[in-house]
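Letter by letter, the chains look like this.
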Amino acid sequence: MTDSVDDAELPFDDGASKQEKIEALQERLDVLEEQNEEMRDELLDANAENNKYQQKLERLSHENKKLKQSPLFVATVQELNDEGAIIKQHGNNQEALTEVTEEMHEDLEPGARVAVNNSLSVVKRLDDEADVRAKVMQVEQNPDVGYEDIGGLDEQLREVRETVEMPMENPELFDSVGIKPPSGVLLYGPPGTGKTMMAKAVAAQTDATFIKMAGSELVHKFIGEGAKLVRDLFQVARDHEPAVVFIDEIDAIASKRTDSKTSGDAEVQRTMMQLLSEMDGFDERGDIRIIAATNRFDMLDRAILRPGRFDRLIEVPKPDEVGREQIFEIHTRGMNLADDVDLGTLARETDELSGADVKAICTEAGMYAIRDDREEITMEDFRRAEKKLEQSDTDAGEVSKTFA
Ligand SMILES: Nc1ncnc2c1ncn2[C@@H]1O[C@H](COP(=O)(O)OP(=O)(O)OP(=O)(O)O)[C@@H](O)[C@H]1O
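In what follows, the accompanying structure is described. Nothing here was measured: the structure is a model prediction, and the numbers come from that model. (Residues numbered from 1 in each chain as written. Predicted model: local features only at pLDDT ≥ 70, side-chain atom pairs only at ≥ 80, totals over all residues. Heavy atoms only, no water.)

**Quick notes on the site of the ligand**
In the vicinity of the ligand there are 18 residues, among which Gly 151, Gly 192, Lys 195, Thr 196 and His 331 approach most closely. In this structure, Gly 151 approaches the ligand through a main-chain N or O atom, which is 2.9 Å from a nitrogen atom. Between the ligand and Asp 248, the relevant distance is 3.4 Å, taken from an oxygen atom to a side-chain nitrogen or oxygen of the residue. Protein burial of the ligand: of its 630 Å² of free accessible surface, 81% is covered by the chains. Counting only elements with at least two residues in the shell around the ligand, the list comes to helix 6 (195–205), helix 10 (321–332) and helix 12 (355–371). Here the residues of the shell around the ligand sort into 6 nonpolar, 8 polar and 4 charged. Each of two domains, domain 3 (135–315) and domain 4 (321–403), supplies a minimum of three residues to the shell around the ligand. (Near = heavy atom within 4 Å. Polar contact = N/O pair within 3.5 Å; in protein donor to acceptor, adjacent residues only side chain to side chain. Areas by Shrake-Rupley, 256 points an atom, 1.4 Å probe, with all protein chains shown as cover. Helix = DSSP H or I, 4+ residues; strand = E, 2+ residues; numbered from the N terminus. Nonpolar A, V, L, I, M, F, W, Y, C, P; charged D, E, K, R; others polar. Domains from an automatic or database assignment.)

**Digging into the sheet that holds strand 2 (residues 84–89)**
The strands making up a sheet associate through backbone hydrogen bonding, with each pair oriented either parallel or antiparallel. The strand order across the open sheet formed by 5 strands is 3-2-1-4-5, and the pairing between neighbours is antiparallel. Where the open sheet ends on each side, the last strands, each with one partner, are strand 3 (95–98) and strand 5 (122–125). On average, adjacent strands in this sheet sit at an angle of 40° to one another, irrespective of strand direction. (Pairing = 2+ DSSP bridges. Axes fitted to C-alpha atoms, helices over the stretch in contact; angles between N-to-C directions.)

**What about the sheet that holds strand 8 (residues 209–214)?**
Pairing in this open sheet of 6 strands is mixed, and the strands run 6-8-9-10-7-11 from one edge to the other. Of all the strands in the sheet, the pair left with one neighbour each is strand 6 (137–140) and strand 11 (310–315). Adjacent strand axes in the sheet meet at a mean angle of 20° when their direction is disregarded. In this sheet, strand 8 lies alongside strand 6 in antiparallel orientation, the contact comprising 4 bridges. Across the sheet, the residue bridging to Val 139 is Ile 211, located in strand 8. Packed on one face of the sheet, helix 4 (residues 154–169) meets strand 7 (184–188), strand 9 (243–248), strand 10 (288–294) and strand 11 and runs near 150° to strand 11. Packing against the sheet, helix 6 makes contact with strand 6, strand 7, strand 8, strand 9 and strand 10, and its axis sits at approximately 170° to strand 9. (Contact = heavy atoms within 4.5 Å.)

Everything listed here is a matter of coordinates, which is why it stays silent on function.
Have a look at this one:
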């Protein structure tokens, strides 16, 4: 810190005239005012920076808290009495008497589904079963995706068609040759490369219902119900034959066994066992095909890769330059492009990007044109969109590094 005003040395000698003293003091005042101004600017900048970090911190603390929250278990209320509620946990069928608050008591009735914490206190009432099914299962009668909407995956598409489409459309081919088509097909590769799209396209091509379930939702959101939801999934598929069942993020229910014996792990195991038994009891020539997808092939429990289960593995990599150009063409089909737009150049410049990234660039480029009140999208719009995507990837990387 600088000295206080009282301690500051006077900017003139004792013998100076009054006029000289006034001038010297005025000069000092000007300098101090200028310094004051500069410091105020710096303070404002620092405040703004501080605000930014504060917001980032709050967001991350919130996410952190969410991640740390222990999972809740699902139970059904059997009976309500003056002492509280008798609940039966899903999964292990254990019954317990637990206290409930007065407000909660009013909200409950026998048969209600509730979420309980580790000490079996009722935390909240849950939606009915039918709603849960609707949330974890996405059922689409006619997915609006065709093979022509998928770029750069010709070889993978050929394999998917051979293993999923052919047995559905021409089962007699397999009969006459005397081989069984693969039961399940596993697509593996980085996120956003078109795995879901391929499953939807093959369902659309075969006029099958597309039924999607995400492995992570099964085990993280609805603990105690995983195995039952898998049973439900196959029942829904039977009710909608022909059907393509798509299990996304299968690693969440079929990862290598861990040594820990927590109830969460046991629950995941039960869910996986249910899936395996559904697949084993399956008539391969039935009108239900199963496609699973994962970004974490290395994590998978080999049990699911045994013959008769997911025995056809198809790698879905990030697109190469030719693939990227095709994907740019697909996603710019309906766009009003200016003459200077060169998709080949864009494909060359976007090494390492996934199909989903390419789509994001096209959409963002369109947004730049809209913001500038133009109807045509220019090469410059695409370049800005590319930069923006790169920037958001860097920011995301930095945040995760800082708070790792
Ligand atoms: N090969 C591709 N051709 C055309 N569009 C693609 C391709 N890959 C991805 N996309 C675009 O990205 C979006 C997301 O792709 P999709 O959901 O199929 O990826 P995914 O591999 O299933 O990803 P995730 O592993 O994250 O579930 C698609 O809806 C599509 O618009």
